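Now for the letters of each chain:
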Amino acid sequence: MSYRIGFGVDFHQLAEGRELWLGGVLIPHHKGALGHSDADVLLHALCDALLGALNLGDIGIHFPNTDPAYKGIDSKILLQKTWELVVAKGYGIVNIDSTVCLEAPKIKKYSADMRSVMAGILGISEDDISIKATTTEQMGFVGREEGLVAYATVLLKAISY
Ligand code: MG
């Protein structure tokens, strides 16, 4: 089988005084995501999509939030480590699609930077990374700005030499 699809989702609470990291980029905002790591929901969802595509478990198995080694860790390192697992299995990325759900701030202007950071870690073109954003029209925990969610889908292809 040469193609594998993967899907990932991640949720974090938002709290005053935390840094807001998304797609490996620090976004100015009065609230940030709470978590054991830097709580980058988009990179966490992407890690889960990559792991899921190859049936390698999930981010919680590989990087437990009870392990002091991962306290405050930059999620770009988690993505790098996850990517190394994919490469070791002999797969490359065809494309990534993702959506971040949050009420504020608007993240469209940071999308190019996020794609650039992610493309750099994964060694792929920015053209193969899509980052979309939506609010939930003021409904639910996202609408009340209590939390945020990210969804990611990835298509992998076996590398043939
Ligand atoms: Mg997470």
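Structure's up top.
Described in the following lines is the structure provided in the data block. What you see is a predicted model, and the numbers here were worked out from it, not measured in a lab.

So, on to the overall build of the chain. For the chain, the helix and strand inventory stands at 5 helices and 7 strands. Traced from its N-terminal end to its C-terminal end, the chain shows the element sequence β-β-β-β-α-α-α-β-α-β-α-β. Taking 161 residues into account, the globule formula puts the C-alpha radius of gyration at 15 Å, and the chain, at 15 Å, falls close to it. For the chain, the C-alpha atoms occupy an extent of roughly 50 × 35 × 25 Å along the three principal directions. For the chain, the residues scored as buried account for 45% of the 161 residues in total. For the chain, the accessible area works out to roughly 8000 Å², and carbon and sulfur atoms hold 54% of it. Across the chain, 14 positive and 19 negative side-chain charges occur, with their mean positions spaced 2 Å apart.

Before going further, it helps to spend a moment on the pattern of salt bridges. Pairs can form between side chains of opposite charge whenever their charged atoms are close. The full count for this structure, using the stated rule, is 3 salt bridges. Between Arg144 and Glu146 there is a salt bridge, and its shortest N-O distance comes to 2.9 Å. On the basis of relative accessibility, which here comes to 52%, the residue Arg144 falls in the exposed class.

What follows deals with the pairing of strand E7 (residues 147-158). In the sheet, strand E1 (residues 3-16) pairs with E7 via 11 bridges, with the strands oriented antiparallel. By the bridge assignment, Phe11 is partnered in E7 with Val149. Strand direction decides the pairing type here: strand E5 (residues 91-101) and E7, joined by 10 bridges, are antiparallel. Each bridged residue has a counterpart across the sheet, and for Asn95 the counterpart in E7 is Leu155.

Take the coordination of the magnesium ion next. Taken together, the protein donors to the magnesium ion comprise Asp10 (OD), His12 (NE2) and His44 (ND1), at separations of 2.2 to 2.3 Å. Taken in sequence order, the residues that donate to the magnesium ion follow the motif D-x1-H-x31-H. Highlighted residues: Asp10 in strand E1 and His44 in helix H1 (residues 41-53), separated in sequence by 34 residues. Exposure remark for His44: the relative accessible area of 7% places this residue in the buried category.

With the rule as written, the count across this model stands at 3 aromatic pairs. Ring centres of Phe7 and Tyr151 lie 6.3 Å apart, and the angle between their planes is 25 degrees; this geometry places the pair in the stacked category. Within this pair, whereas Phe7 is found in strand E1, its partner Tyr151 is found in strand E7, the two being separated by 144 residues in sequence. With a relative accessible area of 52%, Phe7 lands in the exposed category. Here the aromatic rings of Phe63 and Tyr70 are separated by 5.4 Å at their centres, their planes lie at 80 degrees, and the arrangement is edge-to-face. The burial state of Phe63 is the same as that of Tyr70; both residues are buried.

Bringing the sheet that holds strand E4 (residues 31-33) into the picture now. Read from one edge of the open sheet, 5 strands run E4-E1-E7-E5-E6, paired in mixed fashion. Each of the sheet's edge strands pairs with one partner strand only, and the pair in question is E4 and strand E6 (129-134). Pairs of neighbouring strands in the sheet enclose a mean axial angle of 20 degrees, with direction left out of account. Across the sheet, H1 lies against E1, E5, E6 and E7, angled at about 155 degrees from E1, the strand it touches most.

What counts, and where the lines are drawn
Residues numbered from 1 in each chain as written. Predicted model: local features only at pLDDT ≥ 70, side-chain atom pairs only at ≥ 80, totals over all residues. Heavy atoms only, no water. Helix = DSSP H or I, 4+ residues; strand = E, 2+ residues; numbered from the N terminus. Rg over C-alpha atoms; globule rule 2.2 N^0.38 Å. Buried < 20%, exposed > 50% of the residue type's maximum accessible area, 1.4 Å probe, protein only. Areas by Shrake-Rupley, 256 points an atom, 1.4 Å probe, with all protein chains shown as cover. Lys, Arg positive; Asp, Glu negative; His and termini not counted. Charge placed at Lys NZ, Arg CZ, Asp CG, Glu CD. Salt bridge = Lys/Arg side-chain N within 4 Å of Asp/Glu carboxyl O. Pairing = 2+ DSSP bridges. Donors = N, O, S within 2.8 Å, 3.2 Å for Na, K, Ca; no water. Phe/Tyr/Trp six-rings, centres within 6.5 Å; stacked < 30°, edge-to-face > 60°. Axes fitted to C-alpha atoms, helices over the stretch in contact; angles between N-to-C directions. Contact = heavy atoms within 4.5 Å.

Such coordinate-based values are descriptive only and should not be taken to indicate function.
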